[in-house]
Amino acid sequence: MCGIVGYTGESRAQEVLIEGLSRLEYRGYDSAGVAIREDDGIHVVCRKGKVAELAHTLGHFSLTGTCGIGHTRWATHGKPSEVNAHPHTSCDGNIAIVHNGIIENFAELRDELALRGHVFSSETDSEVVAHLVEDNYHGDLVEAVRLSTEALVGSYGIAVVCAQEPDVIVATRKDSPIVVGYSAGDAGSAAMRGSFVASDIIAMLDATRDVVVLADGQIAKLTPNGIEYFDEQGRPCEVTHTHIDWDLDLAEKGGYPDFMMKEIHEQPRVIRDTLAGRMVGGRLEIDEFDLSPEELDLTDRVYVIACGTSYHAGLIAKNLIEAWARIPCEVEVASEFRYRNPIITPTTVVVAVSQSGETADTLAAIRDARVKGAKVFGITNVLGSPVARESDGVIYTKANKEIAVASTKSFIGQVVSLTLLAMLFAQAKGKLTTAQVRLLFRELADTADQVERILSDTDDIREAALACKDAKSALFIGRGIGSAVSYEGALKLKEISYLHAEAYAAGEMKHGPIALIDEGFPVIAIATKSPTYDKVVSNLQESRARGATIIAIATEGDEDIKNYADHVIYIPKVRDAFSAITATVPLQLLARFVALERGCDVDQPRNLAKSVTVE
Ligand code: AGP
């Protein structure tokens, strides 16, 4: 969602800020802006739309300041517009702030500030921060920011500049990430001297690899010569420095036309990395899932809580946990879970799945489940993320940074991790023998090669995409694990191509959705060889009889399916339990090809954000 960058040093801030904001574009946003300290005060330039438009506009000014802050905004309070874009300024224009998060008590603060004569120009919650800092400023920006945060309820990552302290940026946070770093510069390279702040390490990785992730309440004072740190009382404090050793290349497209394609192609690697080191002495081990064998055995209810694509990974897990471990498993959208008073006992295990580890709905559900006494385990892709910190244990998927807003490789990492978890429960409960677990593990590992094969020839998928590109709507169907896969297929298609898509358990077709079908209506079916294959074929016949164009994801060697489908996309034969991995990949590609045919930006779809940090 929103992104923060800031720089104070010797180089022109404008370029540094635009570069940093561009690196944050993947998070999704609708407007962008910068505040740069010039000799005559702070200059703010904001634009609705892309960072490139902001950069273009900045080209008309000749801002030479070397200290500034920038922001990409994803609208929550107030529509996307120049007025609502950050940075926001105080009445006198001497304070400018950028803010990530939500100020929950902004209405009260706004009323109080208005009574004291403050005039507001935006509809945002964030603007109150600029006015509070203005009120509290008496010659010390750190103290002004500290006092202001005492009044705030909610979550915030903030960076502030002040006309009276020309080279200073002050940053702080609560429940919203802020990272700072200093670089002494390097005459032999492009690395420039100065101090950097951002909401995501990726925005400053070009400049420095030694960073400090601020803890809640810590305040950083950045100057061109270094960074000082203060605690919540304003006393100097120690911080932990972290060296980032992953490469920026990871965040580059690596020769692929877009991040989504790159990330789809990384999936075999994700499967291998997620499985690496899990089979120890012939037994499956997941140390991070630190329930004793007795606790595992006693577990009598599992909830998987998640949102969006992560929720779909949960639907797949339900099939496996119930089939193998015989434990009742409920999968719940996190935003619903916490409001319906679910049954939680000391033997309930909650698994929270979140790629970003920042999703507000999932975090709220985790907190709620823990208060009710459940043990909560997070499955996330982001080291040290809030989901990781707030869970009793965490399993990291090995997807690495995912840039495209639509999740692909992290979904596969989640499915593989959850599959291991299902096997672990079954092993602990004695429902699967060690030999059976080993066999399953080997077959799961084989899916990496099978996905590689799918990726090596995508012509049929491209051709099927042409059949969908002009449709108004599409229907995805499947049964069992195939129905969970169809939900993910439909979500992917609508996210990036803006083509309306629905997913249904195929057996539900006759109870309503079949009314949608007329000539040429695309029906995408997961028709792999499974116990319900024949039933799915019947549903295809019913759809075809009404004029549907059928695209079937089928098992290699199934020639018969050609009698019922207009387009067949073959995938290698795997055990039904693992078909989610192989069947999802062609659907990711299908969505991407359709989106490209329709002229859409597959990496940054409209209205969506990579991290959804609002409830
Ligand atoms: C996936 O393609 C979506 N962008 C979205 O549904 C996402 O999965 C959802 O917002 C949950 O995100 P999380 O996994 O980071 O919690």
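Residues numbered from 1 in each chain as written. Predicted model: local features only at pLDDT ≥ 70, side-chain atom pairs only at ≥ 80, totals over all residues. Heavy atoms only, no water.

As for the packing of aromatic side chains
- Tallied over the full model, the rule gives 5 aromatic pairs.
- Seen in terms of ring centroids, Phe 289 and Phe 425 are 5.7 Å apart; in terms of plane orientation they differ by 85 degrees. Their pairing is edge-to-face. Within this pair, whereas Phe 289 is found in the loop between strand E16 (283-284) and helix H8 (293-298), its partner Phe 425 is found in helix H13 (residues 409-428), the two being separated by 136 residues in sequence. For the pair shown, Phe 289 and Phe 425 are each scored as buried.
- Among the aromatic side chains, those forming a connected cluster through ring pairs are Phe 289, Phe 377 and Phe 425.
- When the ring centre of Tyr 533 is taken as reference, the NZ or CZ atom of Lys 529 above it lies at 3.9 Å.
- If you follow Arg 606 out to its NZ or CZ, it ends over the ring of Tyr 498, 3.8 Å from the centre. (Phe/Tyr/Trp six-rings, centres within 6.5 Å; stacked < 30°, edge-to-face > 60°. Helix = DSSP H or I, 4+ residues; strand = E, 2+ residues; numbered from the N terminus. Buried < 20%, exposed > 50% of the residue type's maximum accessible area, 1.4 Å probe, protein only. Lys NZ or Arg CZ within 6 Å of the ring centre and 35° of its normal.)

Let's talk about the side chain of Glu 134
- Of note, Glu 134 is situated in helix H4 (residues 127-136).
- Although buried, Glu 134 forms no salt bridge, and the nearest oppositely charged side chain, Arg 116, lies 9.3 Å from it.
- A polar atom in the side chain of Glu 134 sits 3.2 Å from the backbone nitrogen of Cys 91.
- Among all residues touching Glu 134, those that are not within four sequence positions of it are Ser 90, Cys 91, Asp 92, Ile 95 and His 118. (Lys, Arg positive; Asp, Glu negative; His and termini not counted. Salt bridge = Lys/Arg side-chain N within 4 Å of Asp/Glu carboxyl O. Polar contact = N/O pair within 3.5 Å; in protein donor to acceptor, adjacent residues only side chain to side chain. Contact = heavy atoms within 4.5 Å.)

Concerning the nonpolar core
- Grouped together as the largest cluster of nonpolar side chains are 122 residues, with contacts concentrated most on Phe 289, Trp 324, Val 351, Leu 421, Met 423, Phe 425 and Phe 476.
- Top contributing element to this core by residue count: H13, with 12 residues.
- Look past the residues within four positions of Leu 421 in its chain and what remains in contact with it is Ile 286, Phe 289, Val 351, Ile 379 and Ile 395.
- If you look at the next biggest cluster of nonpolar residues, it comprises 26 residues, including Ile 103, Ala 130, Tyr 137 and Val 145. (Core = buried A, V, L, I, M, F, W, Y, C linked by side-chain atoms within 4.5 Å.)

Topic: the layout of surface pockets
- In this structure, the second largest pocket encloses a volume near 550 Å³.
- If you go around the second largest pocket, you meet 27 residues; those closest to its centre are Ser 155, Asp 175, Ala 360, Thr 613 and Val 614.
- When residues of the lining of the second largest pocket are assigned to their parent elements, the largest contribution, 4 residues, is made by helix H11 (residues 360-371).
- Of the residues that constitute the lining of the second largest pocket, the class distribution is 9 nonpolar, 8 polar and 10 charged. (1 Å grid on protein atoms, 1.4 Å probe; cavity = no way out; pocket = protein on both sides within 12 Å on 5 of 7 lines; lining within 4 Å. Points joined across faces, edges and corners; volume = space filled by probe spheres on them. Nonpolar A, V, L, I, M, F, W, Y, C, P; charged D, E, K, R; others polar.)

Examining the domain arrangement of the chain
- Considered domain by domain, the chain is made up of domain 1 (3-245), domain 2 (259-455) and domain 3 (459-597).
- In this structure, domain 2 and domain 3 have C-alpha centres spaced 26 Å apart.
- The interface of domain 2 with domain 3 comprises 31 residues on the first partner and 26 residues on the second.
- Taking both partners together, domain 2 and domain 3 bury about 2,500 Å²; carbon and sulfur atoms supply 75% of that area.
- Glu 443 is the salt-bridge partner of Arg 575, the closest N and O atoms lying 2.7 Å from each other. (Domains from an automatic or database assignment. Buried area = accessible area lost by both parts, 1.4 Å probe.)

Observations regarding the sheet that holds strand E1 (residues 3-9)
- The 8 strands are arranged E3-E2-E4-E1-E10-E9-E11-E14 in an open sheet whose pairing can be described as antiparallel. Edge positions in the sheet fall to strand E3 (41-48) and strand E14 (241-243), since each of these pairs with one other strand and no more. Pairwise comparison of adjacent strand axes, ignoring direction, gives a mean angle of 20 degrees for this sheet.
- Bridge analysis of strand E11 (residues 210-213) against E14 gives 3 bridges, and the strand direction is antiparallel. In the sheet register, Asp 210 faces E14, and the bridge partner there is His 243.
- Along the sheet, helix H1 (residues 13-23) contacts E1, strand E2 (31-38), strand E4 (67-73) and strand E10 (193-198); its crossing angle with E4, the most-contacted strand, is approximately 25 degrees.
- Of the strands in this sheet, E2, E3 and E4 touch helix H2 (residues 51-58), which is tilted by about 135 degrees from E3. (Pairing = 2+ DSSP bridges. Axes fitted to C-alpha atoms, helices over the stretch in contact; angles between N-to-C directions.)

Here we look at the environment of Arg 269
- Inspection of the secondary structure puts Arg 269 in helix H7 (residues 267-275).
- What Arg 269 contacts, discounting residues up to four positions off in sequence, is Lys 398, Ala 399, Asn 400 and Lys 409.
- Reaching out from Arg 269, the side chain makes a polar contact with the backbone oxygen of Lys 398 at a distance of 2.6 Å.

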